[in-house]
Amino acid sequence: MSAGQDELEVVCETGVEELLIRQASSCGAAAADQRILIKGGSILSMDPQIGDFAVGDILIAGNTIIEVGLSIAAPGAVVIDASNSIVMPGFSDPHIHCWEGALGRLIPVNVSQDSKDPVAAVDGAVASTRSYLYSAHREFGPIVEPEDVYAGTLATLLSALNGGITTVVDNMHNARTPEHADAAVAALSESGARGVLALGAPRAGAWSNTFPDDIYRVRERYFASEDQLCTLRLFAAGADDLTDLVPVRKDLDLWFSFDSGLERQDISALYQRGWLDGREAINHANFFSPEQRQLIIDHGSQVNVCPRIETGFRYGRLPYHEWVDQGLRPGLSNDNPMTYGVDMFTEMRTLHLALRIDEHRGGAKAPSLRAVLESATQAGANNAGLGARTGSLTPGKKADLVLIDASGPQLFPRNNVLCSVVQAADIGSVRAVMVDGRIVKWDGRLVGLNLDRVNHLVEQSRDRLLDKAGWPHDRIDFDD
């Protein structure tokens, strides 16, 4: 390295450290006069109008991308040396049940609750502690307190940010009391993620029955503006009666997130009555008829699939091609942290590998790596209702981006950049993460938080929940 390069590296590091201090003193928000130049990285813009750059620059002013190009002059800007990095949009995940974070990786292999399924029975009984649906909604959901929601949600969101997921729709299907909802909001706000709180009723057990009425209070108190970093929507299981939810939706002008089961409803009638209006994100997106899919696509609604969940829970049925063939590319989502770690790199690889296996067995051609990455970025942002705000490195969009370290043995040298991101990178490759112009991860570590405090809260919550449930496995469990 030349002396000049040595000087540039020193200047870059000093500038970033000062920037981190300034952002910390302003409660993490990007100052309006802040200017950052990300220089010399390999840029995957995910915007076909902008294109990609083997070596290029990105200029950020405040919280907004101003310019993407080959060589940008920006006197006075803080310079981030990206010469050993791949720069790309942050991932967007439209479907995580974040409250489950303290129970992360509790269930090694999900077992079906269907007694007709030969793998569901252990000594003639349903293996409830190895069923996600039973454990989440019947064992733990009813005993979760607001402090557990806070700890679990914060842990999940920090895990997402650490892996380059800058936008998360928290499908909070356990709003047992107003205090539970408040706890989810507090964790979302503290995390620093671009978040959407999809608030919904519990699936089982006694609760206060304050939802959906309480959403008026939540909206007024926490989500007065659509321009905020975090926004609000409604959550429902697809088969739910929407009679009480639709008036709330219309009063507050909200999106819906739906879990499985919407295919059982008369979708045509729901659109005709205005109960669905195109501002819907449909998780899993399984079991729809071609006619139902076309109605959903024609009305502008969005869908996402969960590659690991679908392959593990639904016997390999991954409904990706059927949507693409009719004109809509699904987003990708991690779904629940109780059975898998939150990891978009693994979701991308699972999707591509599963569909490559299908292709080799005579199925449709697997999607390209660019298409897979589009599902993890722009399509996910569309599901979040934020496709005009994030999902690509486009001037005018918010500065939500990731720097992938390509200097180590795992990713050096940079040959095919798409292959490096989709087929080779992992969470440990994420050097830096920026959300809304604010650096939330730098030099491989989350910044601006006391991680020991978070870990302590999560451990306390885990222990409290396992004790209350009478969980039959050890705290640190080696059972298969």
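Residues numbered from 1 in each chain as written. Predicted model: local features only at pLDDT ≥ 70, side-chain atom pairs only at ≥ 80, totals over all residues. Heavy atoms only, no water.

> In this structure, what is going on with empty space enclosed by the protein? I would like to understand it.
Applying the stated criterion across every chain, the model contains 2 cavities of 30 Å³ or more. Approximately 40 Å³ is the volume found for the largest cavity. Lining the largest cavity are Ile38, Ile80, Leu401, Leu403, Ala432, Val433, Met434, Ile439 and Trp442. Of all the elements in the fold, those that place two or more residues in the lining of the largest cavity are strand S16 (401–405), strand S17 (430–435) and strand S18 (438–442). Take the lining of the largest cavity: its biggest share by element is 3 residues, from S17. Of the residues contributing to the lining of the largest cavity, the split by class is 9 nonpolar, no polar and no charged. Approximately 30 Å³ is the volume found for the second largest cavity. The wall of the second largest cavity is formed by Ala175, Thr177, Pro178, Ala181, Leu199, Thr210, Phe211 and Asp214. Partitioned by chemical class, the residues of the lining of the second largest cavity number 5 nonpolar, 2 polar and 1 charged. (1 Å grid on protein atoms, 1.4 Å probe; cavity = no way out; pocket = protein on both sides within 12 Å on 5 of 7 lines; lining within 4 Å. Points joined across faces, edges and corners; volume = space filled by probe spheres on them. Helix = DSSP H or I, 4+ residues; strand = E, 2+ residues; numbered from the N terminus. Nonpolar A, V, L, I, M, F, W, Y, C, P; charged D, E, K, R; others polar.)

> What is the right way to look at the sheet that holds strand S15 (residues 331–332) in this model?
As a general point, the strands of a sheet are linked pairwise by backbone hydrogen bonds and lie either parallel or antiparallel. Strands sit in the order S6-S9-S10-S11-S12-S13-S14-S15 across an open sheet of 8 strands; the sheet is parallel. The open sheet has two edge strands with one neighbour each: strand S6 (91–96) and S15. The sheet contact formed by strand S10 (residues 194–199) and strand S11 (residues 231–236) spans 4 bridges and is parallel. Looking across to S11, one finds that Leu197 is bridged to Leu232. (Pairing = 2+ DSSP bridges.)

> How should I be thinking about the pattern of salt bridges in this particular structure?
Any two side chains of opposite charge can pair, given that their charged atoms come close. Summed over all chains, the structure comprises 27 salt bridges. One salt bridge in this structure joins Arg221 and Asp182, with 4.0 Å as the shortest N-O distance. With a gap of 39 residues between them, Arg221 in helix H5 (residues 214–222) and Asp182 in helix H4 (residues 178–191) connect regions that are remote in the sequence. Asp182 gets classed as buried once you look at its relative accessible area, which sits at 18%. The salt bridge partner of Glu374 is Arg329, with a shortest N-O separation of 3.7 Å. Linking Glu374 in helix H12 (residues 369–376) with Arg329 in the loop between helix H10 (321–326) and S15, this pair joins segments that are 45 residues apart in sequence. The partly exposed category is assigned to Glu374, whose relative accessible area is 32%. By relative accessible area, Arg329 is classed as partly exposed at 24%. In this structure, a network of salt bridges that share partners links the residues Arg249, Asp253, Asp277, Arg279 and Glu280. (Salt bridge = Lys/Arg side-chain N within 4 Å of Asp/Glu carboxyl O. Buried < 20%, exposed > 50% of the residue type's maximum accessible area, 1.4 Å probe, protein only.)

> Honestly, the environment of Leu262 in this entry has me stumped. Any pointers?
Structurally, the position occupied by Leu262 is in the loop between strand S12 (256–258) and helix H7 (267–272). Accessibility expressed as a relative area gives 2% for Leu262, which makes it buried. Placed 127 residues apart in sequence, Leu262 and Arg389 show a C-alpha to C-alpha distance of 28 Å. Residue contacts for Leu262: discarding those within four places in its chain leaves Gly238, Ala239, Ile267, Leu270, Ile282 and Phe288. (Contact = heavy atoms within 4.5 Å.)

> Could you clarify how one ought to interpret the pairing of S18 in this entry?
Residues in a regular strand project their side chains so that they alternate between the two faces of the sheet. The element S18 is largely enclosed, with a buried count of 5 among its 5 residues. As judged from the 3 bridges shared by S17 and S18, these two strands associate in the antiparallel manner. The residue of S18 that forms the bridge with Val435 is Arg438. The turn linking S17 back onto S18 is made up of 2 residues, and Asp436 within it adopts a positive phi angle of 55°. Where S18 lies against strand S19 (residues 445–446), 2 bridges are found, and the strand directions are antiparallel. Each residue of the ladder has a partner; that of Trp442, found in S19, is Arg445. Between S18 and S19, which pair antiparallel and follow one another directly, the connecting turn spans 2 residues, one of which, Asp443, has a positive phi of 55°.

> Can you help me understand the side chain of Ser45 in this one?
Position of Ser45 among the secondary structure elements: in the loop between strand S1 (35–44) and strand S2 (52–61). The class of Ser45 is buried, set by a relative accessible area of 0%. Of note is the side chain of Ser45, whose polar atom sits 2.6 Å from the backbone oxygen of Gly51. (Polar contact = N/O pair within 3.5 Å; in protein donor to acceptor, adjacent residues only side chain to side chain.)

> Hey, could you run me through the state of the cysteines in this one?
A covalent bond bridging the sulfur atoms of two cysteines is what the word disulfide describes. Tallied over the entire structure, the rule returns 0 disulfides. The cysteine Cys230 is free of any disulfide, with Cys98 supplying the nearest cysteine sulfur at 11 Å. With relative accessibility at 10%, the residue Cys230 sits in the buried group. (Disulfide = S-S within 2.5 Å.)

> Sorry if this is basic, but what is going on with the pairing of S11 here?
Counting buried residues in S11 gives 6 out of 6 residues, a clear majority hidden from the surface. With 3 bridges joining them, S11 and S12 adopt parallel strand pairing. The residue bridging Leu234 from the neighbouring strand is Phe256, located in S12. Tracing the backbone out of S11, into helix H6 (residues 245–252) and back to the parallel element S12 gives a crossover that is right-handed. (Right-handed = clockwise from strand over helix to strand, strands pointing away.)

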